[in-house]
Structure formats: structure tokens, C-alpha cells
Amino acid sequence: MIINYKPKGTCSQMIEIDVEDGIINRVEYTGGCPGNLLAIGELVKGMQVSEAIAKLDGIRCGNKKTSCADQLAQALKTVK
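Anyway, here's the lowdown on the structure attached to this text. Here the structure is a predicted model, which means the values were calculated and not measured.

Some thoughts on the pattern of salt bridges
Okay, step 1: One pass over the full model with this rule turns up five salt bridges.
Okay, step 2: With a closest N to O distance of 3.1 Å, E42 and K45 form a salt bridge.
Okay, step 3: Via salt bridges that share partners, E16, R26 and E28 belong to a single interconnected network.

The following block contains the structure:
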């Protein structure tokens, strides 16, 4: 299943996530901080959706109420 999620409150403009059987196969961000976002994508590859949500949910970026990592968690919460 491919999820295209438009983040809110971050520098990134889109997150594309490939999930199959509850496992994250691929995460690609459009916009944002390239190195950090590539690293996040690599770190969650092969991880269960529930584990990634538990690790990333609520992470903030500076004074913002969210972050690109938190927005990935929000996107993953839409996976059924």
C-alpha cells in the first residue's frame, strides 16, 4: 500500500510511504532537510508500523509543535 501524506507544520511538503503487511518498506520525503529525512527513511525501513509510531509520535522540531518525524507517525496512523 502506498500512502501519500501532506505534512502539516513542517518544511517537507510530502511523505510517500510504502507499507505492506504492517511493515514499512520505503519512506521518501519531498522537501525538508535531505540528510535527516533520508536517515529517518532508512531507520524505519523494515520496522513495524506500530513500532515506528511509538518511537516518532510527539517529536518536536525546535519551537514547532511537530516535526517531520512526528508527521511520519501521523501518516502511519492512517494505515489500517
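On we go.
So, the nonpolar core
Okay, step 1: Within the largest apolar cluster, 23 residues are counted, with the highest numbers of intra-cluster contacts made by I17, I24, L72 and L76.
Okay, step 2: Here the element with the most residues in this core is helix α3 (residues 68-76); it accounts for six residues.
Okay, step 3: Not counting residues within four places of it along the chain, the set of residues in contact with I17 comprises M1, I2, I3, I24, R26, V27, L72, A75 and L76.

Regarding the environment of K77
Okay, step 1: Considering the arrangement of structural elements, one finds K77 in the segment after α3.
Okay, step 2: C-alpha of K77 to C-alpha of I3: the two residues are 74 residues apart in sequence and 11 Å apart in space.
Okay, step 3: When residues no more than four places from it in sequence are discounted, the contact partners of K77 are I53 and D57.
Okay, step 4: Within polar-contact distance, the side chain of K77 engages the side chain of D57 at 3.2 Å.

Cut-offs used in this document
- Residues numbered from 1 in each chain as written.
- Predicted model: local features only at pLDDT ≥ 70, side-chain atom pairs only at ≥ 80, totals over all residues.
- Heavy atoms only, no water.
- Salt bridge = Lys/Arg side-chain N within 4 Å of Asp/Glu carboxyl O.
- Core = buried A, V, L, I, M, F, W, Y, C linked by side-chain atoms within 4.5 Å.
- Buried < 20%, exposed > 50% of the residue type's maximum accessible area, 1.4 Å probe, protein only.
- Helix = DSSP H or I, 4+ residues; strand = E, 2+ residues; numbered from the N terminus.
- Contact = heavy atoms within 4.5 Å.
- Polar contact = N/O pair within 3.5 Å; in protein donor to acceptor, adjacent residues only side chain to side chain.

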